[in-house]
Amino acid sequence: MIINRELCIGCETCVPHCPFGAISVTEGVASINEDSCVECRICRRAKACPLDAIEINELHYPRTIRAIFSDVFTRAPNTGVGGRGTEEMKTNDVTGRFRKDRVGVAVELGRPGIGTRMKDVEKIAMAIARYGIQFEPDNPISPLLQDHATGKFLPEVLNERVLSAIIEFEIPRGQLKGVLGTIRETAKEIDTVFSLDVATVLENGSIPIDDILREVNMERRPNGKTNVGLGRPRKEDI
Amino acid sequence: MTHSLHRRGAEDELKRDYVVIAMTAKGINSDGAEGKVGRVAEIMAKHNPLFYAVPPVGNSFVASLEDMKKGADTIAEGVYNNEDDLVELLKELKEADLGVSINVSGLFDHVFECCRKAGLQVHTVNTSLGIFGRTELLPSEPYLEIGTLCGHGMVSFRFIEYMVDNIKQDKISVKEAVRSMAGHCLCGIFNLDRAERIISKLAAE
C-alpha cells in the first residue's frame, strides 16, 4: 500500500484503521511503514481515507505473499480461495478430506490480531514435519515449502510478515496426542500467537477426540464449526 | 477460512451468535454452481440475518441481494442471533437441496440440537483448542471477543480501541461505532448485537 502524497492532507483519519499500526503522519503527510504493512488492504477497502489517497501498488515476489495471506479478496493461485484459507472441513461432506479415524489439524499463526513472520510459521512446520505428515496441498503455504518432508520454507519468504498463515494437515487419530504435544512445546519458541483447531467426523453422534485431549491436558472450547451434511454429491466412503 | 470456530465469549453471549457459511468444493460441485450459491444467499436473507455477504461482491452494508445473486461465486455467509431463525434457515436449505455444503459455527450442543430440529445429521466438526504462543501480546478479553467476530481479523484491536475512545468522547454513538467496525468485515459475519453489548460496556468503564 502507498499514500498518494499529492492527495493526503495529513488528517490522520486512516491511522487507527491499520491492524498493524503501519500508518503514521509526519510533517502533515501520512506514510506507510513497508515492513509493518501486511498488505491486508483494509485501509483501502474500509475507505479509511476521505480523499482516497491510499492506493494499492504493484507487488513483486516475495512481497506478493503478504497480500495472499492477508487480503480477504486476494486469491491464492494454487487454491483459488481468498483470504489465505482453504475449504478445510467446510466441504468435507463432499470432498471426504477428513475421514473416519483420521483428524485434520490447523495451526493459524498470527491470529488473533498479532500477525506473523513466515519464519515462525516455518518453526511449527518443521516441528510437525518430523511426524511424516503431508501438508495440505490446497493451502497457500504449500508453494512456499522448499522441502515438504522437513517443513523447510523458501529462504526468501522467511522475513515476510502476514496477517496470518494456516498450517494444515491430516493425520491418523492415533498420532494426535504426539502432534499436539509437539505443537505446544514449539509454541515456546515463536514470537507470535496461534489459534489451534482439530477437525473430525462425528462417530455415533459424538466428537471422538475428547479422551486424547484429556491426555495432553488440552480442552476444546464449547463452540466451533459444524458441517451439517448438506453438500452433494456426498462422499460415500467416509 | 473463517475464523468463526474461534469466536470467544461466555455461553450466554455465544447462545446468540450463529455463523452460517455456504461453500462449494473446488473441482467437485463448484463448476456452474454460482446460481446455487446465489440461491443460498437469497434463503439466508429471508431468515433475519444480522449481517450477510457474498464474497467478493460485498456485505449487506454495501451490496444488494440482487447484486449478490448476480455476482455469487463459491461462498455465501451470514450471522444470526437466535436459534429459531437458524432452525428455519436450515429447514429451508434442506428443502432446497442445492448440494452446497453448509456450516454453522456456534455452541456445539445448540447447533447439534438445531440440526436435529431441522432433520439434519451433523457430518464434521472443527473444534477450537484455544490460543497458544505469546498470549501476553493479546489485549483483554472484550477486545478479543469483538476482534474475533470478523472471520479474517479485519477488525483490529487498535480500531476497536479507537472506537471506544470516540464513544467516550461523544464523537460517535455506540451504533455508529459498531457499524464502522462491521464495515471492516467483508464477509458479513460480524455479530453487530454482540459487538454493541461489549463495546457499550467498554465505553462505560
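Coordinates for the structure precede this section.
Residues numbered from 1 in each chain as written. Chains lettered and ligands numbered in written order. Predicted model: local features only at pLDDT ≥ 70, side-chain atom pairs only at ≥ 80, totals over all residues. Heavy atoms only, no water.

1. Quick look at the overall build of chain B
The number of helices and strands found in chain B is 9 helices and 6 strands. Against the 2.2 N^0.38 benchmark of 17 Å for 205 residues, chain B shows a C-alpha radius of gyration of 17 Å, consistent with a compact globule. Along the first, second and third principal axes, the C-alpha set of chain B runs to 50 × 35 × 30 Å. Carbon and sulfur atoms make up 45% of the accessible area of chain B, which totals about 7,700 Å². Positive and negative side-chain charges of chain B, numbering 23 and 30 respectively, have mean locations separated by a distance of 0 Å. (Helix = DSSP H or I, 4+ residues; strand = E, 2+ residues; numbered from the N terminus. Rg over C-alpha atoms; globule rule 2.2 N^0.38 Å. Areas by Shrake-Rupley, 256 points an atom, 1.4 Å probe, with all protein chains shown as cover. Lys, Arg positive; Asp, Glu negative; His and termini not counted. Charge placed at Lys NZ, Arg CZ, Asp CG, Glu CD.)

2. Thoughts on the packing of helix H8 (residues 174-184) of chain B against helix H9 (residues 192-204) of chain B
Residues and elements named next belong to chain B. Packing of H8 against H9 leaves a shortest axis separation of 9 Å and a crossing angle of 125 degrees. As summarised for this structure, H8 and H9 are arranged oblique, according to the angle between their axes. In this structure, H8 meets H9 at a crossing whose hand is right-handed. Contacts from Val 174, Lys 175, Ala 177, Val 178, Met 181 and Ala 182 of H8 reach H9 at Leu 192, Ala 195, Glu 196, Ile 199 and Ser 200. Across the contact of H8 with H9, the residue classes tally to 8 nonpolar, 1 polar and 2 charged. (Axes fitted to C-alpha atoms, helices over the stretch in contact; angles between N-to-C directions. Parallel < 35°, antiparallel > 145°, perpendicular 65-115°, else oblique. Left-handed = near helix turned anticlockwise from the far one by under 90°. Contact = heavy atoms within 4.5 Å. Nonpolar A, V, L, I, M, F, W, Y, C, P; charged D, E, K, R; others polar.)

3. Here we look at the interface of chain B and chain A
At the junction of the two partners, chain B supplies 70 residues and chain A supplies 77 residues. Across the chain B to chain A interface the summed buried area is about 6,500 Å²; carbon plus sulfur atoms make up 62%. Viewed at the interface, chain A and chain B are joined by 2 salt bridges. Between B:Asp73 and A:Arg75 there is a salt bridge, with its nearest N and O atoms 2.7 Å apart. Scanning the region where chain B abuts chain A turns up 32 residue pairs in polar contact (both at pLDDT 80 or more). At the level of secondary structure, the elements contributing two or more residues to the side of chain B that touches chain A comprise strand E1 (18-23), helix H4 (83-96), strand E5 (101-107), helix H5 (108-117), strand E6 (124-133) and helix H7 (157-168) of chain B. The dominant element in the side of chain B that touches chain A, judged by the number of residues it contributes, is E6(B), at 10 residues. (Buried area = accessible area lost by both parts, 1.4 Å probe. Salt bridge = Lys/Arg side-chain N within 4 Å of Asp/Glu carboxyl O. Polar contact = N/O pair within 3.5 Å; in protein donor to acceptor, adjacent residues only side chain to side chain.)

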